[in-house]
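# Fold and geometry: a report
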Amino acid sequence: MSILNANNANNANNANNANNANNANNANAIGNGGPSPLLTAALMRSRDAIAGAELITPASGEPSALDMAQRLRRLAGDDRAAVLTGELLEDLSFEFAPDDPDQTTTRMVTVLRRAAGGDARNASYTPLVAITRPGLDDFRNAVQIVANYAELRADRLAEIQTQTQVLVPFFASILPIEPGRSDNILEMLAMAQDMATFVVMRVKLALGCPRVTQFSDRIQPMIACPTHATLPSGHATQAFTLATVLSLLQDPGAEVAADSQLYRLACRIAINRTVAGVHFPADSAAGAILGIQLGRYLAARAYAPDADGQVGSASFDGTEFKDGDRAQDFHYDILNRMLDPDHPQHVPSASFPDDASGARPAPMWRSVCAAALGEWQNRWS
């Protein structure tokens, strides 16, 4: 088939798909944002013709036979996401360590999770992850690293531009995650990405760290620089949340393997933001630790109260993210050196105490993750 014929065929398919989509939307208009004015008028006229003003004898009705998780599956996607978001956010809280009186930003943010046991009126919280902001000199010393990465912009243009919009397709290129066969996995990943956004934006706002462009007019990012604070990197947080959720989907006891394909990809997505000129390496490192912990939190709430439903705490100290007296870069080998305290070149900016404890069950979220696990286990079918 010639390119022209292929294009014509594609156009015809697109037209047919558009018509089918319109027909589906019309058939389901009341449940999908409202019908067109013409359909509304037609439905009114149709009802007048076949029902008229006859007296109605209502059905007697029956109690619901479905539990909440089963009813959740009947909701529209946006409504389902709202329920899941509420369930997952209700156990998170934030604690802010103030800086000296001359500062308006906080020095450290601790994301807290509600501990298992007790009722809502007597809830207790335990640390999930603490993020400490680097100093201004730490950021200033890293500006040249960001400038040096600009040489890679042409090579990474397609990735950087695409990743401003979507991340999941990059992970789906590593694992067999296809629409239709993996709808629950994709829903799980979408919720994980949203949760990462909700949390990281709260942390960013409190820490109030400056962007690279505020230190030099020669950085000149290749994409629009976000208006919110820089640390932790939102893309890094999302990418590492996704990598961790997928890793734990395959093995609930999996540790972070910095050299695995999932975590290499998360590192590359994070580094691409430095290449683009909008993030420091420390932003990526902080986002990595935050994302790993959020992924573990999400998995723990899906498995609780089973033995796998536990999660510990972690911390990232930006003042320790250094290479001696020089600024520290970030890539998967640096991540490995952050995670491994026995590494001969350990980077002492991250800490993972041995303090895992049970998380509270999240029944709605668990139902989604159980369906996702079923899809993964049946991926060979």
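Residues numbered from 1 in each chain as written. Predicted model: local features only at pLDDT ≥ 70, side-chain atom pairs only at ≥ 80, totals over all residues. Heavy atoms only, no water.

## A word on the packing of aromatic side chains
Applying the stated criterion to the full structure yields 5 aromatic pairs. With a centroid separation of 4.9 Å and 45 degrees between ring planes, the pair formed by Phe139 and Phe280 is classed as tilted. A residue pair is termed long-range when its members are at least 10 positions apart, and Phe139 in helix H5 (residues 136-141) and Phe280 in the loop between helix H11 (261-275) and helix H12 (281-303) qualify at 141 residues. Side by side, Phe139 and Phe280 carry an identical accessibility label, which is buried. Between Phe240 and Tyr263, the ring centres sit 6.1 Å apart and the planes meet at 35 degrees, which makes this aromatic pair tilted. With Phe240 in helix H10 (residues 234-250) and Tyr263 in helix H11, this residue pair connects regions lying 23 residues apart in the sequence. Chaining the aromatic ring pairs together yields one cluster made of Phe139, Phe215 and Phe280. Directly above the aromatic system of Trp376 lies the positively charged group of Arg379, at a separation of 3.9 Å from the ring centroid. (Phe/Tyr/Trp six-rings, centres within 6.5 Å; stacked < 30°, edge-to-face > 60°. Helix = DSSP H or I, 4+ residues; strand = E, 2+ residues; numbered from the N terminus. Buried < 20%, exposed > 50% of the residue type's maximum accessible area, 1.4 Å probe, protein only. Lys NZ or Arg CZ within 6 Å of the ring centre and 35° of its normal.)

## Structural notes on the layout of surface pockets
For the largest pocket, the calculated volume is near 580 Å³. Ala254, Glu255, Arg296, Gly312 and Ala356 are the residues nearest the centre of the largest pocket, which is lined by 24 residues in total. Among the secondary structure elements, those contributing two or more residues to the lining of the largest pocket are H12 and strand S4 (310-311). Residue contributions to the lining of the largest pocket peak at 5 residues, all from H12. (1 Å grid on protein atoms, 1.4 Å probe; cavity = no way out; pocket = protein on both sides within 12 Å on 5 of 7 lines; lining within 4 Å. Points joined across faces, edges and corners; volume = space filled by probe spheres on them.)

## A short note on the pattern of salt bridges
For the structure on display, the rule yields 14 salt bridges. Between Glu159 and Arg268 there is a salt bridge, and its shortest N-O distance comes to 2.7 Å. Remark: Arg268 occurs in helix H11 and Glu159 occurs in helix H7 (residues 153-163); sequence separation between them is 109 residues. Owing to a relative accessible area of 31%, Arg268 belongs among the partly exposed residues under this scheme. Glu178 is paired through a salt bridge with Arg181; the nearest N and O atoms lie 3.2 Å apart. Residue classification places Arg181 among the partly exposed residues on the basis of a relative accessible area of 45%. Several salt bridges converge on common partners, so that one network encompasses Glu90, Asp91, Arg301 and Arg360. (Salt bridge = Lys/Arg side-chain N within 4 Å of Asp/Glu carboxyl O.)

## Describing the pairing of strand S2 (residues 106-114)
By the criterion of burial, S2 is predominantly enclosed, with 7 of the 9 residues buried. Two strands pair when backbone bridges link them, and strand S1 (residues 92-98) and S2 are joined in this way by 7 bridges, in the antiparallel orientation. If you follow Ala97 over to S2, its bridge partner there is Met108. As paired strands, S2 and strand S3 (residues 125-132) are joined by 7 bridges and run antiparallel to one another. For Leu112, the partnering residue across the bridge sits in S3 and is Pro127. (Pairing = 2+ DSSP bridges.)

## A short note on the packing of H12 against helix H14 (residues 363-377)
As a packed pair, H12 and H14 sit with axes 8 Å apart at the nearest point and diverge in direction by 95 degrees. By the angle between their directions, the pair H12 and H14 is classed as roughly perpendicular. For the pair H12 and H14, the contacting residues are Leu298, Arg301, Ala302 and Tyr303 in the first and Trp365, Arg366 and Cys369 in the second. Per-class residue counts for the contact of H12 with H14 are 5 nonpolar, no polar and 2 charged. (Axes fitted to C-alpha atoms, helices over the stretch in contact; angles between N-to-C directions. Parallel < 35°, antiparallel > 145°, perpendicular 65-115°, else oblique. Contact = heavy atoms within 4.5 Å. Nonpolar A, V, L, I, M, F, W, Y, C, P; charged D, E, K, R; others polar.)

## Some points on the sheet that holds strand S8 (residues 350-351)
Here we have 5 strands laid out as an open sheet, ordered S1-S2-S3-S5-S8, and mixed in their pairing. Looking at which strands have only one partner, the edges of the open sheet turn out to be S1 and S8. Against the sheet, H12 touches S1, S2, S3, strand S5 (314-317) and S8, its axis set at about 165 degrees to S3.

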